[in-house]
Protein chains: 2
Amino acid sequence: MKVIQKPTNARGTRDFGPKEMAIRSNVFATIKRHFEAFGFQSIETPAMENLSVLTGKYGDEGDQLLFKIINSGDYLSKVNGDPLALGSKSLLPQISEKGLRYDLTVPFARFVAMNRNDIAFPFRRSQIQPVWRADRPQKGRYREFYQCDADIIGSDSLVNEVELIALFQAIFNSLNLRTNLIINSRKILAGIVDKLGATDLFVAFAVSIDKLDKIGWDAVAVELGSNGFQPNQIEALQKLFNFEGSNANKIELLTEFFADNALGNEGLSEIKSVLRLSDLNGYDNANLIFDFKLARGLSYYTGLIYEGKSVDVPFGSIAGGGRYDNLTAAFGLPNMSGVGISFGIERIIDVMRELNLFPEIQISASQILFTYFDEAGQALAINISNQLRKANIPSEVYPDIVKIKKPFEFADKKGIPFVGVIGEQEIKDQTVSVKDMKNGEQRVLSISELIEYMVAI
Amino acid sequence: MKVIQKPTNARGTRDFGPKEMAIRSNVFATIKRHFEAFGFQSIETPAMENLSVLTGKYGDEGDQLLFKIINSGDYLSKVNGDPLALGSKSLLPQISEKGLRYDLTVPFARFVAMNRNDIAFPFRRSQIQPVWRADRPQKGRYREFYQCDADIIGSDSLVNEVELIALFQAIFNSLNLRTNLIINSRKILAGIVDKLGATDLFVAFAVSIDKLDKIGWDAVAVELGSNGFQPNQIEALQKLFNFEGSNANKIELLTEFFADNALGNEGLSEIKSVLRLSDLNGYDNANLIFDFKLARGLSYYTGLIYEGKSVDVPFGSIAGGGRYDNLTAAFGLPNMSGVGISFGIERIIDVMRELNLFPEIQISASQILFTYFDEAGQALAINISNQLRKANIPSEVYPDIVKIKKPFEFADKKGIPFVGVIGEQEIKDQTVSVKDMKNGEQRVLSISELIEYMVAI
């Protein structure tokens with residue numbers, strides 16, 4: 001006897017059924033439409049990359065979270081040494097050459113380096129594909145999830161930042177989400193540690209500051225202390241970070257604070273330009289907030305950084321990005337400055353669900369289901385259904401000759417709004433009895449009337 | 001010094017740049033549109049499945065072609081025994097629990113078994129996702145490729161076959177490809193071996209016959225002989241297979257040939273019904289050809305089978321499928337008959353390219369590029385560009401203040417059809433000088449005139 005499996009999904013992964021797909025397609029389509037409106041050209045890269053492309057790009061933790069694929073065939077045949085003595089880590093490169101993509105940015109950098117001669121720079125590229133991370137699964141965190149990225153590479157003009165901000169605003173405007181886009185510059189953060197006399201501690205500073213939202217100031221202060229910041233530096237920082245005010249107030253404060261600090265002033269001047277030019281976008285519901293406490297986790301950012309949040313459901317960020325100066329250098333293409341934004345589709349959907357912004361999603365594709373009582377009715381149903389499809393009206397034919405109750409139950413369960421019944425009289429008259437599943441209304445229509453009626457709905 | 005990598009794709013995988021993406025999106029969109037018109041509901045399943053779901057479903061060869069993922073963390077810690085002594089094959093299940101999806105059908109069967117209580121049967125599901133196979137890469141064969149599947153599961157009515165045939169015809173009609181859809185029934189093949197007195201040799205028979213196109217009759221005859229077919233049986237088969245004629249002629253021939261063979265007659269009656277009902281579809285350019293030599297490779301087919309070919313570029317099949325009676329049984333859900341069709345997107349694109357059916361694909365999303373000479377022009381460019389986007393006209397802003405030659409070269413290389421120049425006079429008049437990149441024509445337009453002009457194009 002065959003063993004019957006109780007089937008399950010691999011841990012941390014999900015199926016998307018028709019209902020979930022309808023919701024997701026909707027959000028993806030909106031994002032895609034705006035990517036196109038802003039002139040972004042879409043690319044796709046393979047799920048599998050050589051580990052030489054992926055490894056060393058995401059830090060030690062990232063390397064461990066890469067899913068690695070075992071070499072095909074007799075993968076042990078080329079192993080040098082005793083596997084158990086080598087241990088998992090040392091054996092790995094001997095039995096695995098490929099991994100699953102961890103984000104879209106590194107594959108994009110590889111793509112740009114490989115295709116540098118064919119690309120018109122500045123290159124606006126968009127990419128919407130799943131990525132995989134061997135993270136411990138938990139609520140809202142999956143091992144497979146989509147990223148939606150837009151990047152402009154090959155130009156260091158701030159106009160690109162302004163364009164991405166407008167893109168952010170256009171997308172969330174369309175999704176009816178009120179948002180705040182928090183902006184800062186890595187140069188401002190560097191200027192701050194400079195002025196505190198802690199230039200060398202920049203990396204530790206950025207990592208700690210990035211946790212402010214999660215662990216709060218007191219814990220951050222302890223961490224800063226243990227990373228070498230002096231009590232007076234921490235105190236000065238606290239004073240600075242406690243400041244509240246408008247964008248203009250903050251700029252004023254920092255102008256004074258930085259005095260002749262070149263890096264800080266450069267960052268500040270970038271923020272001023274971006275704010276000035278972004279005012280021209282004319283999008284509502286998307287506030288642009290300068291917050292010099294914003295740090296962003298990724299180490300490769302070198303200039304402006306930003307992070308979007310929902311005003312109404314403010315947990316976590318729903319988009320983020322920034323400028324990077326050297327992403328393609330690891331692939332032999334230096335001096336290629338770029339700036340990107342990534343939309344967190346999974347969290348955007350969570351937020352929209354929380355706000356009940358998916359009320360009217362039509363799950364079923366079919367507008368009408370045809371049913372019948374005999375072979376003649378069946379033939380007519382098939383014929384009419386194909387006529388409707390040619391007129392772009394999604395329809396389907398119930399496949400079996402059964403008691404009339406069944407197709408109606410089916411239409412009800414699937415959410416098909418109309419059922420067309422083809423009985424003896426209808427065959428004779430070449431008509432269909434159409435029942436509106438919402439209100440129970442029934443009308444007898446000729447085929448051309450039916451098409452007209454369904455088109456009009 | 002950091003080692004600079006010469007980046008490459010993983011063997012057998014491809015990037016899709018903007019041009020390729022434009023072509024592919026076009027074909028995908030057409031297929032998707034028809035899937036929806038026929039009431040198919042789309043689902044997505046994860047790239048990774050538990051190996052218990054995948055293994056044993058594709059034959060021994062298939063199992064070897066699965067990409068397997070190494071367990072995360074210290075994957076050797078749970079190994080029982082000496083890895084080298086165990087060997088690659090026995091070690092595998094101890095260090096790998098997950099694999100990449102090999103097709104869309106097995107994950108679909110798992111999905112149906114897991115969601116049986118929520119699904120309205122018959123369930124029309126579509127699925128368009130990549131699959132991965134550790135095949136030796138060669139021309140036209142990749143390790144990552146998309147499948148586009150439509151299945152109707154939970155009904156054994158032939159109406160479903162007829163619907164899938166109409167779907168096939170509708171899709172290739174839209175793609176402007178002239179096609180032949182070859183149909184047969186596994187029951188007819190079984191009837192034939194029955195009548196030859198070789199009932200037990202059915203599996204070997206189907207496997208050999210499936211190679212007819214590739215290796216020709218003589219080689220097939222040798223194979224049949226070595227599989228236990230007697231010379232007189234092979235001769236009778238050759239005579240049968242040499243028959244040429246219309247669908248009606250072939251039905252007539254087999255009616256006589258089968259006489260009282262129940263299975264053969266059942267298959268024949270299915271073919272007759274499907275031909276009769278399909279005549280009602282009213283699609284041109286898609287011939288329906290009954291060919292009782294068609295076998296199809298996959299072992300799980302139990303009823304009608306079909307395979308689509310281009311009339312003009314007849315190498316290989318561009319779509320195929322058939323009825324299966326027991327796909328979900330392995331996951332604890334028996335008696336769930338279904339029928340499916342899979343569109344070979346990669347080969348469809350190859351054929352369309354061969355026939356030069358992608359002449360007018362617009363690669364760039366942007367309709368107009370804005371350029372300028374100073375900061376005031378830059379600000380106006382950003383403002384106008386966002387106004388155009390709101391009117392659904394894709395546009396972009398050249399990010400740098402450079403010599404005018406550069407943005408024009410850029411537009412030319414990227415294929416952007418218009419360039420809008422904003423100089424001193426234009427800022428003063430709030431106008432744009434628009435140059436048509438195709439014919440060099442230039443016109444000065446106000447912002448509202450520009451929007452009108454671009455909308456009209």
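Values in this document were obtained by computation on a predicted structure and should not be read as measured data.

Trainee: Before we move on, can you summarise the overall build of chain A with the specific residues and values?
Mentor: When helices and strands are tallied, chain A shows 17 helices and 16 strands. Relative to its length of 457 residues, chain A is extended, with a C-alpha radius of gyration of 29 Å against a globular reference of 23 Å. Burial status across chain A gives 57% buried among its 457 residues. For chain A, the share of sequence-separated contacts (at least 6 apart) that also reach a separation of at least 24 residues comes to 69%. Within the structure as shown, chain A displays about 19600 Å² of accessible surface, and the carbon and sulfur contribution to it stands at 49%. Taking the 50 positively charged and 56 negatively charged side chains of chain A as two groups, their mean positions are separated by 4 Å.

Trainee: Which residues make up helix 17 (residues 447–456) of chain A, and what values go with them?
Mentor: Residue and element names in this part refer to chain A. Here helix 17 has its buried residues at Ile447, Leu450 and Met454. Looking down the long axis of helix 17, one finds its buried residues gathered within 55° of arc, a one-sided arrangement. The exposed set on the far side of helix 17, more than 90 degrees from its buried face, consists of Glu452, Val455 and Ala456.

Trainee: Give a detailed account of the confidence of the model for chain A, specifying residues and quantitative values.
Mentor: Taken as a whole, chain A shows an average pLDDT of 93; of its residues, 98% reach a score of 70 or greater. Element-level pLDDT for chain A is lowest in helix 3 (residues 59–65) of chain A, with a mean of 87, against a maximum mean of 98 in strand 2 (residues 48–50) of chain A.

Trainee: Explain the pairing of strand 5 (residues 123–132) of chain B residue by residue, including any values.
Mentor: Residue and element names in this part refer to chain B. Of all ten residues making up strand 5, ten are buried, and the element is well covered by its neighbours. As paired strands, strand 1 (residues 41–42) and strand 5 are joined by two bridges and run parallel to one another. The residue bridging Gln41 from the neighbouring strand is Arg125, located in strand 5. Examined bridge by bridge, strand 5 and strand 6 (residues 144–153) share ten bridges and lie antiparallel to one another. What sits directly across from Gln129, in strand 6, is Gln147.

Trainee: Tell me about the sheet that holds strand 11 (residues 338–343) of chain B, and please be specific about residues and values.
Mentor: Residue and element names in this part refer to chain B. Taking strand neighbours across the sheet as the criterion, the eight strands line up as 1-5-6-11-10-9-7-8 in an open arrangement whose pairing is mixed. Two strands in the sheet have a free side with no partner beyond their single neighbour: strand 1 and strand 8 (286–290). Bridge count for strand 6 against strand 11 is six bridges, and the pairing is antiparallel. Paired with Asp149 across the bridge in strand 11 is Ser342.

Trainee: Let's hear about the pattern of salt bridges: which residues, and what values?
Mentor: Evaluation of the coordinates by the stated rule reveals 44 salt bridges over all chains. Between Glu20 of chain A and Arg353 of chain A there is a salt bridge whose closest N-O contact spans 2.7 Å. Of this pair, Glu20 of chain A sits in helix 1 (residues 18–37) while Arg353 of chain A sits in helix 13 (residues 345–354), placing them 333 residues apart in sequence. Classification of Glu20 of chain A by relative accessible area gives partly exposed; the value is 22%. The partner of Glu163 of chain B in a salt bridge is Arg389 of chain A, and the shortest N-O contact between them spans 2.7 Å. Of this pair, Glu163 of chain B sits in helix 6 (residues 159–174) while Arg389 of chain A sits in helix 14 (residues 375–390), on two different chains. For the pair shown, Glu163 of chain B and Arg389 of chain A are each scored as buried.

Trainee: Which residues make up the interface of chain A and chain B, and what values do they have?
Mentor: Contacts between chain A and chain B engage 113 residues on the former and 113 residues on the latter. For the pairing of chain A and chain B, the buried interface totals around 9200 Å² over both sides, and the portion due to carbon and sulfur atoms is 57%. Measuring nitrogen to oxygen at the nearest pair gives 3.3 Å for the salt bridge that ties Arg276 of chain A to Glu375 of chain B. Per element, the largest residue contribution to the side of chain A that touches chain B is eight residues, and it comes from helix 14 of chain A. Considered class by class, the residues forming the side of chain A that touches chain B number 56 nonpolar, 31 polar and 26 charged.

Trainee: Tell me what's going on with the packing of aromatic side chains, and back it up with residues and numbers.
Mentor: Residue and element names in this part refer to chain B. This structure, assessed with the given rule, holds 34 aromatic pairs over all chains. Judged by centre distance (6.0 Å) and plane angle (40°), the rings of Phe205 and Phe229 are tilted. With Phe205 in helix 8 (residues 202–209) and Phe229 in the loop between helix 9 (212–226) and helix 10 (231–241), this residue pair connects regions lying 24 residues apart in the sequence. Plain terms: the ring middles of Trp217 and Phe241 are 6.2 Å apart, the flat faces sit at 75° to each other, and that makes the pair edge-to-face. Taken together, the residues span a long stretch of sequence, with Trp217 in helix 9 and Phe241 in helix 10 at a distance of 24 residues. Relative accessible area serves as the criterion here: at 17%, Trp217 is assigned to the buried category. Note that Arg24 overlies the ring of Phe16, its terminal NZ or CZ placed 3.8 Å from the centroid.

Trainee: Please set out the sheet that holds strand 13 (residues 395–397) of chain B residue by residue, giving values where relevant.
Mentor: Residue and element names in this part refer to chain B. Pairing is mixed in the open sheet, where five strands are placed in the order 13-12-14-15-16. On the outer flanks of this sheet lie strand 13 and strand 16 (442–446), each paired with one strand and no other. In this sheet, neighbouring strand axes are inclined to one another by 25° on average, regardless of whether the strands run parallel or antiparallel. Two elements, strand 14 (residues 418–422) and strand 15 (residues 431–436), share four bridges in a ladder whose sense is antiparallel. Of the residues in strand 15, the one forming a bridge with Val421 is Ser433. Seen against the sheet, helix 17 (residues 447–456) touches strand 12 (368–372), strand 14, strand 15 and strand 16 and runs at an angle of roughly 120° to strand 16.

Trainee: Talk me through the side chain of Ser96 of chain A; I want residue IDs and the actual numbers.
Mentor: Here Ser96 of chain A shows up in strand 4 (residues 96–100). A polar atom in the side chain of Ser96 of chain A sits 2.9 Å from the backbone oxygen of Ile69 of chain A. Contact partners of Ser96 of chain A, with chain neighbours within four places excluded, come to Leu51, Lys68, Ile69 and Asn71 of chain A together with Ile70 of chain B.

Trainee: Give me the packing of helix 9 of chain B against helix 10 of chain B: which residues, what numbers.
Mentor: The angle between the axes and the distance between the axes are what describe a pair of packed helices. All names here are of chain B. Running from amino to carboxyl end, helix 9 crosses helix 10 at an angle of 155°, the nearest separation of the two axes being 10 Å. Considering their axes alone, helix 9 and helix 10 lie roughly antiparallel with respect to each other. Residue-level inspection shows Leu212, Trp217, Ala221, Leu224 and Gly225 of helix 9 in contact with helix 10, the latter providing Ile234, Leu237, Gln238 and Phe241. Across the contact of helix 9 with helix 10, the residue classes tally to seven nonpolar, two polar and no charged.

Trainee: With reference to specific residues and values, describe the relation of the copies chain A and chain B.
Mentor: When chain A is fitted to chain B, the best match, at an RMSD of 0.1 Å, comes from turning it 180° and sliding it 0.0 Å along the axis. Such a combination of rotation and displacement between the chain copies is what one expects of a two-fold axis. In terms of proximity to the rotation axis, the leading residue of chain A is Ile69 of chain A, whose C-alpha is 2.2 Å off the axis. Here 100% of the interface residues in chain A have copies in chain B that are interface residues too; the copies meet face to matching face.

Trainee: Describe the packing of helix 8 of chain B against helix 9 of chain B, with residues and values.
Mentor: Residue and element names in this part refer to chain B. One can describe the packing of helix 8 onto helix 9 by two numbers: an axis separation of 8 Å at closest approach and a directional angle of 145°. In this structure, helix 8 contributes Phe205, Ser208 and Ile209 to the contact, and helix 9 contributes Leu212, Val220, Glu223 and Leu224. Grouping the constituent residues of the contact of helix 8 with helix 9 by class yields five nonpolar, one polar and one charged.

Trainee: Describe unusual backbone geometry, listing the residues and the values that go with them.
Mentor: Omega for the peptide link from Phe121 of chain A to Pro122 of chain A comes to -5°, which places this bond in the cis form. With respect to the helices, strands and loops of the structure, Pro122 of chain A is situated in the loop between helix 5 (105–114) and strand 5 (123–132).

Trainee: Quick rundown of the domain arrangement of chain A? Include the residues and the values.
Mentor: By the assigned domains, chain A splits into domain 1 (18–47 + 101–354) and domain 2 (368–456). Placing a centre on the C-alpha atoms of domain 1 of chain A and another on those of domain 2 of chain A gives a separation of 52 Å.

Trainee: Quick rundown of the nonpolar core? Include the residues and the values.
Mentor: What tends to happen in soluble globular proteins is that the nonpolar side chains get buried as a cluster. Of all hydrophobic cores here, the largest spans 98 residues; its most connected members are Phe205 and Phe343 of chain A. The leading source of residues in this core is helix 6 (residues 159–174) of chain A, at ten residues. Met454 of chain A together with Phe205, Ile209 and Met352 of chain B belong to the second-largest nonpolar core, a separate cluster that totals 94 residues.

Trainee: An account of the environment of Ile153 of chain A is requested, with residue identities and associated values reported.
Mentor: Residue and element names in this part refer to chain A. In this fold, Ile153 is placed in strand 6 (residues 144–153). Note on Ile153: relative accessible area 1%, which makes it buried. For the pair Ile153 and Phe123, spaced 30 residues apart in sequence, the C-alpha to C-alpha distance is 5.3 Å. Residue contacts for Ile153: discarding those within four places in its chain leaves Phe108, Val112, Phe121, Pro122, Phe123, Tyr324, Thr328, Met336, Ser337 and Gly338.

Scoring rules and cut-offs
- Residues numbered from 1 in each chain as written.
- Chains lettered and ligands numbered in written order.
- Predicted model: local features only at pLDDT ≥ 70, side-chain atom pairs only at ≥ 80, totals over all residues.
- Heavy atoms only, no water.
- Helix = DSSP H or I, 4+ residues; strand = E, 2+ residues; numbered from the N terminus.
- Rg over C-alpha atoms; globule rule 2.2 N^0.38 Å.
- Buried < 20%, exposed > 50% of the residue type's maximum accessible area, 1.4 Å probe, protein only.
- Contact = heavy atoms within 4.5 Å.
- Areas by Shrake-Rupley, 256 points an atom, 1.4 Å probe, with all protein chains shown as cover.
- Lys, Arg positive; Asp, Glu negative; His and termini not counted.
- Charge placed at Lys NZ, Arg CZ, Asp CG, Glu CD.
- Arc of directions from axis to C-beta.
- pLDDT = per-residue confidence, 0-100.
- Pairing = 2+ DSSP bridges.
- Salt bridge = Lys/Arg side-chain N within 4 Å of Asp/Glu carboxyl O.
- Buried area = accessible area lost by both parts, 1.4 Å probe.
- Nonpolar A, V, L, I, M, F, W, Y, C, P; charged D, E, K, R; others polar.
- Phe/Tyr/Trp six-rings, centres within 6.5 Å; stacked < 30°, edge-to-face > 60°.
- Lys NZ or Arg CZ within 6 Å of the ring centre and 35° of its normal.
- Axes fitted to C-alpha atoms, helices over the stretch in contact; angles between N-to-C directions.
- Polar contact = N/O pair within 3.5 Å; in protein donor to acceptor, adjacent residues only side chain to side chain.
- Parallel < 35°, antiparallel > 145°, perpendicular 65-115°, else oblique.
- Least-squares fit on C-alpha atoms with pLDDT ≥ 70 in both.
- Domains from an automatic or database assignment.
- Core = buried A, V, L, I, M, F, W, Y, C linked by side-chain atoms within 4.5 Å.

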